[in-house]
Amino acid sequence: MSGKPKLHYFNGRGRMESIRWLLAAAGVEFEECFLETKDDLTKLQKDGSLLFQQVPMVEIDGMKMVQSRAISNYIATKYNLYGKDLKERALIDMYVEAIIDLNELLMTHTFQPADKKEQHFATIVDKATNRYFPVYEKVLKDHGQDFLVGNRFSRADVQLLETLLMAEECKPDILAKFPLLQSFKARISNIPTIKKFLQPGSQRKPPLQEKDVPKLMKIFH
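This one's a predicted model, so the numbers in the text were calculated from it and none came from an experiment.

Cut-offs used in this document
- Residues numbered from 1 in each chain as written.
- Predicted model: local features only at pLDDT ≥ 70, side-chain atom pairs only at ≥ 80, totals over all residues.
- Heavy atoms only, no water.
- Buried < 20%, exposed > 50% of the residue type's maximum accessible area, 1.4 Å probe, protein only.
- Helix = DSSP H or I, 4+ residues; strand = E, 2+ residues; numbered from the N terminus.
- Pairing = 2+ DSSP bridges.
- Axes fitted to C-alpha atoms, helices over the stretch in contact; angles between N-to-C directions.
- Parallel < 35°, antiparallel > 145°, perpendicular 65-115°, else oblique.
- Left-handed = near helix turned anticlockwise from the far one by under 90°.
- Contact = heavy atoms within 4.5 Å.
- Nonpolar A, V, L, I, M, F, W, Y, C, P; charged D, E, K, R; others polar.
- UniProt positions renumbered as here; feature names shortened; annotations may be inferred.
- Domains from an automatic or database assignment.
- Buried area = accessible area lost by both parts, 1.4 Å probe.
- Salt bridge = Lys/Arg side-chain N within 4 Å of Asp/Glu carboxyl O.
- Polar contact = N/O pair within 3.5 Å; in protein donor to acceptor, adjacent residues only side chain to side chain.

(A) Layout of the pairing of strand 3 (residues 57–60). Of the two faces of strand 3, the one carrying Met57 and Glu59 and the one carrying Val58 and Ile60 are both buried. Where strand 1 (residues 6–9) and strand 3 come together, 3 bridges link them in antiparallel fashion. The residue bridging Lys6 from the neighbouring strand is Glu59, located in strand 3. As defined by bridge partners, strand 3 adjoins strand 4 (residues 63–66) across 4 bridges and the pair is classed as antiparallel. Across the sheet, the residue bridging to Glu59 is Lys64, located in strand 4. The turn linking strand 3 back onto strand 4 is made up of 2 residues, and Asp61 within it adopts a positive phi angle of 50°.

Encoded structure:
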């Protein structure tokens, strides 16, 4: 049996993508088992692999872990991406929880009905540029380091970069008023493990397209 973590999810971003990012940032190779049909999901549910009957699920260190935050916390702790002490971990948690809020908005855009898409896009831009990005810009300014927390790379940096890139896919000039976030994006993108993950042919997934939605609905509903 391979010692690599094994990720069970559909062949797309969703709630597994941040987990892929964390593993890649830590330089950890992983395998993926893609759900293609409703039967694939049902099989996992029936054999007891899914504690709460849902994915993402990651097989790691003899466990079948579910709940994306729990999985991410475990990976971040195991691979030293979770700060050096309790206070740093608290900061990382605060920053990451807000990143997740914005990430969820970005992730659900494709699923919006046609008559709601424009308003949803406006909400994304408003919250990104008025609520979230100004905070991270200020954190970087006040902290004066290359990273968000302490003076070393953490999951907060990984997950902020992931979400900045998603936001730029949505609106290419969304970082125009945030020079420190632009510098942060360039700097973190150049960390060797991240640089590798950003190359074509990696296990990073492309943005979800509207044509993919019916297939997903068949698997999960």
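On we go.
(B) Fine view of the pairing of strand 1. Bridge count between strand 1 and strand 2 (residues 31–34): 4 bridges; the pairing is parallel. Looking at the pairing, Lys6 lines up with Glu31 of strand 2.

(C) Representation of the packing of helix 1 (residues 17–25) against helix 6 (residues 155–170) in the model. Orientation of helix 1 relative to helix 6, taken along the N-to-C sense of each, is 130°, at an axis distance of 10 Å. By the angle class used here, helix 1 and helix 6 are oblique. Of the two elements, helix 1 crosses helix 6, and the hand of that crossing is right-handed. Residues Glu17, Ser18, Trp21, Leu22 and Ala25 of helix 1 touch helix 6, and the partners they reach there are Arg155, Val158, Gln159, Leu161, Glu162 and Leu165. In terms of residue class, the contact of helix 1 with helix 6 is made up of 6 nonpolar, 2 polar and 3 charged.

(D) Inspection of the sheet that holds strand 4 at higher detail. If you walk across this open sheet you meet the 4 strands as 2-1-3-4, and the pairing is mixed. Edge positions in the open sheet fall to strand 2 and strand 4, since each of these has one partner strand only. Taking the axes of each pair of neighbouring strands and ignoring which way they run, one obtains an average angle of 20° across the sheet.

(E) Spatial organisation of the environment of Ala176. Along the polypeptide, Ala176 turns up in the loop between helix 6 and helix 7 (179–189). C-alpha separation for the pair Ala176 and Asp146, spaced 30 residues apart in sequence, amounts to 20 Å.

(F) Quick look at the UniProt feature "domain: GST C-terminal" (unreviewed entry) in the protein chain. Annotation from UniProt places "domain: GST C-terminal" (unreviewed entry) at residues 85–208. Between the C-alpha atoms that bound residues 85–208 the distance is 37 Å, and the span itself is 69% helix and 0% strand.

(G) View of the domain arrangement of the protein chain. Each assigned domain of the protein chain is listed with its residue range as follows: domain 1 (6–79 + 198–211) and domain 2 (86–190). Listed by partner, the interface residues are 19 residues for domain 1 and 19 residues for domain 2. The junction of domain 1 with domain 2 conceals about 1600 Å² of combined surface from both sides, 57% of it contributed by carbon and sulfur atoms. In terms of surface lost to domain 2, no three residues of domain 1 exceed Trp21, Arg69 and Leu208, which account for 30% of the buried area on that side. On the surface where domain 1 and domain 2 come into contact, there are 5 salt bridges. A salt bridge links Glu97 to Arg69; the nearest nitrogen and oxygen atoms lie 3.0 Å apart. Inspection of the domain 1/domain 2 interface yields 6 residue pairs in polar contact (both at pLDDT 80 or more). Split into classes, the residues belonging to the side of domain 1 that touches domain 2 amount to 7 nonpolar, 6 polar and 6 charged.

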